[in-house]
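# Fold and geometry: a report
The lines below spell out each chain.
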Amino acid sequence: MIQFSNPDGMLSAPFDNCLLKIMKIVLLSDVPKLGRKSEVKNVSPGYARNFLFPRGLAMVLTGAVAMDLEFKNETKKKEAEKELAEAETMAQKLDGLEVEIAMKVSKGGAVYAGVSTQKIAETLSRLGFKVAKNQIRITSPIKKVGDYMVAVTLPHGLEAEVKVIVVPELED
């Protein structure tokens, strides 16, 4: 074990310097009431040494760690920008799109099984859009033949309006 000496010449353990009042650390995972993963925080040496380090929740901020953290943040930022551009493109393509869904209909024009978000998501996926059923919001149940406006929620808070046209299924 490496030991350090303080100004009095006495041997001491690492980080046991009374002059060191705060320590810069990088969080390796989310810590309640302290911060989220990859954040740089100032903490007391005792808290870091006795709680964070033994549990693998943090590590000391050094030059190499700071550079690695900066690189990861830049990469994460570029990925978020790319994802935002893709979501904006999808929102532009989806906005105003008309989707026709054929359903079995009674003589009165009522749909036997209502049009669900799952059915709309499947139809959109056949058209080449990656949309999950939980991203689709229907304002009122679709149980009759006609035109309906449906909202599609995309990442980054983007939203698109899709027109769903329910038509009777042709019988052979």
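Residues numbered from 1 in each chain as written. Predicted model: local features only at pLDDT ≥ 70, side-chain atom pairs only at ≥ 80, totals over all residues. Heavy atoms only, no water.

### A look at the nonpolar core
Grouped together as the largest cluster of nonpolar side chains are 22 residues, with contacts concentrated most on L94, I120, L124, I136 and V166. At four residues, strand 11 (residues 159–168) tops the list of elements feeding residues into this core. Residues within four places of I120 in sequence aside, it is in contact with I101, V115, I136, I138, I142, V150 and V164. With ten residues, the next largest nonpolar core counts I25, L34, V43 and A48 among its residues. (Core = buried A, V, L, I, M, F, W, Y, C linked by side-chain atoms within 4.5 Å. Buried < 20%, exposed > 50% of the residue type's maximum accessible area, 1.4 Å probe, protein only. Helix = DSSP H or I, 4+ residues; strand = E, 2+ residues; numbered from the N terminus. Contact = heavy atoms within 4.5 Å.)

### Quick notes on the sheet that holds strand 4 (residues 40–43)
Taken in spatial order, the three strands of this open sheet run 4-3-5, and their pairing is antiparallel. Two strands lie at the open edges of the sheet, namely strand 4 and strand 5 (58–60), each paired on one side alone. The sheet shows a mean angle of 40 degrees between the axes of neighbouring strands, direction not considered. Judged from the four bridges that link them, strand 3 (residues 23–27) and strand 4 form a sheet pairing that is antiparallel. Paired with M23 across the two strands is V43, which belongs to strand 4. (Pairing = 2+ DSSP bridges. Axes fitted to C-alpha atoms, helices over the stretch in contact; angles between N-to-C directions.)

### Let's talk about the sheet that holds strand 10 (residues 146–153)
Pairing in this open sheet of four strands is mixed, and the strands run 6-11-10-8 from one edge to the other. Each edge of the sheet is formed by a strand with only one pairing partner; in this case those strands are strand 6 (98–103) and strand 8 (136–138). Across the sheet, the mean angle from the axis of one strand to that of its neighbour is 35 degrees, orientation sign disregarded. Bridge analysis of strand 10 against strand 11 gives eight bridges, and the strand direction is antiparallel.

### Some details on the side chain of Q135
Tracing the chain through its elements places Q135 in the loop between helix 3 (117–126) and strand 8. Setting aside chain neighbours within four positions, we find Q135 in contact with K130, A151, V152, T153, L154 and P155.

### Quick look at the confidence of the model for the chain
Keep in mind that low pLDDT regions are not for reading the predicted coordinates in detail. Overall, the predicted model of the chain reaches an average pLDDT of 86, with 87% of residues at or above 70. Low pLDDT (under 50) marks residues 1–5, which in the prediction has eleven contacts with non-local residues, meaning those over four places away or in another chain. (pLDDT = per-residue confidence, 0-100.)

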